[in-house]
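# Structural overview
Given next are the chains, with one letter for each unit.
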Amino acid sequence: MTGHDHQPGHFLPGPPDHPLMESLPSDESGLPGISELTGESAVVRELLLALSVGFMLPAPLPQSLENQEGLEAIVAAARDTGLLLSDGTVVGTARYALLKRTPTPHLRALQRELVEKVVAEGRPLDDLARDLARSGLQDARVAAELEDAANNALDTDPQLAVDLYAEAVLAGNSGLENSAKRAQAAAATGDLDGAGRIVDRLLALPEPPDLRLGVDVAAAVWAQRGMLARSAETYSWLGPERLDGSAPLAAVAMIGSGNAGRAEEILSAGPPSGSPTLLAVALALTQEGLRQTLGPAPHAALPELIRASDMMNASAAAIPLPETPGALAALCALHNGEPASAENVLRAALAAGQGGDAARPRLFLLQAWSAMQQDNADEARLAINEAVKANHWSLVPRDELMLAALEVGLARRGSDVHGLVVAWDKAREAMMHVSVDLYSLLPWGELMIAAARLRETRRVAHYLDAAWELLRKLGNPPLWSVPVHWAAVQAALLSEDPAGLAPHAAALVRASEHSQLAAVLAAGGKAWVSVLAGRFEAPDVEAAARGLAGVGMPWEGARLAGHAAAHAEERREMVRLLACARDIHPQGAPAAAGHDRTAEPRNEVAGAPAVENPGAAAGDPSGLSAREREVARLLLEGKTYREIGEAIYISPRTAEHHVARMRRRLGAENRSELLARLRLALGDGYPPP
């Protein structure tokens, strides 16, 4: 039942503008004067009306026509009028006029007789049911077939299911029996408001039909709105005695909102009934893996969640979920410093269509986060584009927050001050529409760092307090808390707040007993503090930087090494740290065409300016090499020589040499003139410093 292909004779009214209209009398409404077919033509009119309703030649036909003598002659006469085509269908304009001007009681009697004949023959009504419902016929058999078709389309084509459920209501169905499924279909098409209204009416009934599914839909809608605590409350309202197969979903919502104790109570109330289907196994593995993430040794959680995602892919089920197993497995991998594993899980989930269309943006955004964490900005932006265009509706609030945090993170990592300010403004708007939950800690950590960078910490203080309280309620599980403590360390470094840094550094050290990631991050934090204090050993910094790269944080590692190089007292150490930075973050130091990246460190050791590459600028109308354009961009952003060096992993002195050379080449007499000419050289659209 597609709603696009109509069988011959089905009701599909069209405008009365067919050329054959000229051969028929018209009344003041502009419709063809079918009523003028009287006398011997009355039976022809009845045949044309029956075919317009949906009867077919040679059968079935209404009883009055089947008993009519000389039926073949009547059909021939109808064709002679030019209104009956050779395939047995009535010209659209005439069909429209017949259906429009026939008295409603007579029309409904014909339609019911048609339904009786089709059902008696054991044939499905198919698209005829949709036509009859839209024409206004109320018939229990039509409504039942539309409901069955909607139920069958629910998993594969939720938009078709939405239309079919609506037509079933037109055909006389009360809508109560399938309210939960109607809500599920609406939510799957992005209509969160419509789904919420249906569920609200359902849950208000004394004995709601299909109550558990209705609660699942409500919980999924709350989660997509970024209000996971409301999902947990909805399951608490349902009660453990009625949860049955939804107990794992309730556990996901309750753990995510910080109530692990309640989740344990629900899961210990008894195993859900029913056979161990792929879907049931997927949900069981999901809650088991999620509970393991809260323990002191969460290393076994990721394999469990990956298997849950595999089983969900195999089941091809598109049930309403607070969070998909694929997303939870990816989050576990990202929090554990394994972004490559997250990417593999997400790729498989997207290929299998896990969670249906409603889940696709979330999976793509997590894929973008994995790419960003691995320092692949281009792949991250491609995944963001896929997320935004995945559906014809806008992103839900939960996904809007992640998108905003991604834009902030990419701008920060790209040293794009203007882009960071623009992205921050969007993030401030997005964060006001959601609340904090366990599965949104990565975005909140990124926003914490950006707020410190922009001196806007007060904007996120309330949300960060909620994040720390959530982790406290869950017992500060290392897997979930370590990345947040690392974000807090970076924020404290940016804010030059040693007192604020200390508790988070201590938390990383304590977690090192149970988490390899925590050990690496603790070493990274210690190295940062030593660099900022001006008392560091280059080998220790290099080891910390390479350790960060090893847990999927190459940008952070390269930034540490580059910053240390800018503060190194000996040239030998500076060159070593610059080489380390370029090794783990090569795209941070783009070379001009044909220019050896090792040339600059060697020249720096000799104390001479970096060698120019005349051929690099030959194809650029600005006359600047690729490296000079990068330095110019950072200079226009107001960065000092030291900050330029840290951004692209060269020494401050080399940055100064680049600026002096550009000044000579562009013929600038002073700094203000140089900045003006650089803006022209970089082209239109470049933001002012």
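Just above sits the structure.
First, a word on scope: everything that follows refers to the structure included in this document. (Residues numbered from 1 in each chain as written. Predicted model: local features only at pLDDT ≥ 70, side-chain atom pairs only at ≥ 80, totals over all residues. Heavy atoms only, no water.)

Counting secondary structure elements, the protein contains 37 helices and zero strands. A total of 689 residues make up the protein; the buried ones form 54% of that total. Long-range pairs, those at least 24 residues apart, make up 66% of the contacts in the protein between residues at least 6 apart in sequence. Taken as a whole, the protein presents about 29400 Å² of accessible surface, with 52% of it coming from carbon and sulfur. (Helix = DSSP H or I, 4+ residues; strand = E, 2+ residues; numbered from the N terminus. Buried < 20%, exposed > 50% of the residue type's maximum accessible area, 1.4 Å probe, protein only. Contact = heavy atoms within 4.5 Å. Areas by Shrake-Rupley, 256 points an atom, 1.4 Å probe, with all protein chains shown as cover.)

Moving on, we get to helix 22 (residues 397-413). The α-helix advances 3.6 residues per turn, and as a result positions three or four apart in sequence lie on the same side. The end-to-end C-alpha distance of helix 22 is 24 Å, a good match for the 24 Å that 17 residues give at a rise of 1.5 Å each. Positive phi shows up at serine 415, right after helix 22, with a value of about 55°. (Expected span 1.5 Å × (residues − 1).)

All right, on to the environment of asparagine 173 then. With respect to the secondary-structure elements, asparagine 173 resides in the loop between helix 8 (158-170) and helix 9 (179-188). Once the C-alpha coordinates of asparagine 173 and arginine 141 are considered, the two residues, 32 residues apart in sequence, prove to be 9.9 Å apart. When residues no more than four places from it in sequence are discounted, the contact partners of asparagine 173 are Ala143, Glu147 and Ala168.

Turning our attention to the packing of aromatic side chains. Applying the stated rule across the entire model yields two aromatic pairs. Note on tryptophan 444 and tyrosine 463: the rings are 4.7 Å apart at their centroids and 15° apart in plane angle, and the pair reads as stacked. A residue pair is termed long-range when its members are at least 10 positions apart, and tryptophan 444 in helix 24 (residues 441-453) and tyrosine 463 in helix 25 (residues 457-473) qualify at 19 residues. No difference in accessibility class separates tryptophan 444 from tyrosine 463, as the two residues are buried. Cation over ring: arginine 242 sits above tryptophan 237, and NZ or CZ is 5.6 Å from the ring centre. Over the ring of tryptophan 555 we find arginine 413, and its NZ or CZ is 5.5 Å from the ring centre. (Phe/Tyr/Trp six-rings, centres within 6.5 Å; stacked < 30°, edge-to-face > 60°. Lys NZ or Arg CZ within 6 Å of the ring centre and 35° of its normal.)

Quick look at the packing of helix 29 (residues 538-550) against helix 30 (residues 554-567) now. It is at 6 Å that the axes of helix 29 and helix 30 come closest, and there the two elements cross at 165°. Considered as vectors, helix 29 and helix 30 are oriented roughly antiparallel to each other. Classified by chirality, the crossing of helix 30 by helix 29 is left-handed. In contact with Val541, Ala544, Ala545, Leu548 and Ala549 of helix 29, helix 30 contributes Pro554, Glu556, Gly557, Leu560, Ala561 and Ala564. Looking at the contact of helix 29 with helix 30 residue by residue, the class counts come to nine nonpolar, one polar and one charged. (Axes fitted to C-alpha atoms, helices over the stretch in contact; angles between N-to-C directions. Parallel < 35°, antiparallel > 145°, perpendicular 65-115°, else oblique. Left-handed = near helix turned anticlockwise from the far one by under 90°. Nonpolar A, V, L, I, M, F, W, Y, C, P; charged D, E, K, R; others polar.)

Within the largest apolar cluster, 97 residues are counted, with the highest numbers of intra-cluster contacts made by Tyr235, Leu438, Tyr439, Leu447 and Trp480. Ignoring sequence-local partners within four residues, the contact set of tyrosine 235 consists of Val215, Asp216, Ala219, Leu243, Ser246, Leu249, Ala250, Ala253 and Met254. (Core = buried A, V, L, I, M, F, W, Y, C linked by side-chain atoms within 4.5 Å.)

This part takes up the side chain of glutamate 456. By the secondary structure assignment, glutamate 456 is in the loop between helix 24 and helix 25. For glutamate 456, the contacting residues outside a window of four places in its chain are Trp424, Arg428 and Ala451.

We now examine the environment of glutamate 407. Its place among the elements puts glutamate 407 in helix 22. When its relative accessible area of 26% is taken as the criterion, glutamate 407 is described as partly exposed. Along the sequence, glutamate 407 and isoleucine 384 sit 23 residues apart, while their C-alpha atoms lie 9.2 Å from each other. Sequence-distant contacts of glutamate 407, that is, excluding residues within four places in its chain, are made with Arg381, Ile384 and Ala423.

Two quantities define a packed helix pair, namely the angle between the helix axes and the distance between the axes. Interaxial distance between helix 8 and helix 9 falls to 8 Å at its minimum, and their mutual angle equals 140°. The angle between helix 8 and helix 9 places the two elements in the oblique class. Seen from above, helix 8 lies across helix 9 with left-handed handedness. Facing helix 8, whose interface residues are Pro158, Ala161, Val162 and Tyr165, helix 9 presents Lys181, Arg182, Ala185, Ala186 and Ala188. Residues belonging to the contact of helix 8 with helix 9 are distributed by class as follows: seven nonpolar, no polar and two charged.

All right, on to the pattern of salt bridges then. Evaluation of the coordinates by the stated rule reveals 29 salt bridges. Glutamate 167 serves as the salt-bridge partner of arginine 134, at 2.9 Å between the closest nitrogen and oxygen. Separated by 33 residues along the polypeptide, arginine 134 in helix 6 (residues 127-135) and glutamate 167 in helix 8 bring together distant segments of the chain. Arginine 134 sits in the partly exposed class, given a relative accessible area of 41%. Salt-bridge contacts for arginine 472 lead to glutamate 469; the nearest nitrogen and oxygen are separated by 2.5 Å. A residue pair is termed a helical-turn pair when its members lie 3 or 4 positions apart in one helix, as arginine 472 and glutamate 469 do in helix 25 at three residues. Arginine 472 gets classed as partly exposed once you look at its relative accessible area, which sits at 48%. Through salt bridges with shared partners, a single ionic network connects Arg130, Asp131, Arg134 and Glu167. (Salt bridge = Lys/Arg side-chain N within 4 Å of Asp/Glu carboxyl O.)

What follows covers helix 18 (residues 325-335). Burial runs high along helix 18: eleven of the eleven residues are buried. All of the buried residues along helix 18 are Pro325, Gly326, Ala327, Leu328, Ala329, Ala330, Leu331, Cys332, Ala333, Leu334 and His335. After helix 18 finishes, the residue glycine 337 shows a positive phi value of roughly 75°.

Glancing now at the side chain of glutamate 323. Topologically, glutamate 323 is positioned in the loop between helix 17 (301-315) and helix 18. Here glutamate 323 falls in the buried class, since its relative accessible area comes to 6%. Side chain to side chain, glutamate 323 and arginine 362 meet in a polar contact 2.7 Å long. Other than its neighbours up to four places away in sequence, glutamate 323 contacts Val252, Leu328, Leu331, Arg362, Arg398 and Tyr439. (Polar contact = N/O pair within 3.5 Å; in protein donor to acceptor, adjacent residues only side chain to side chain.)

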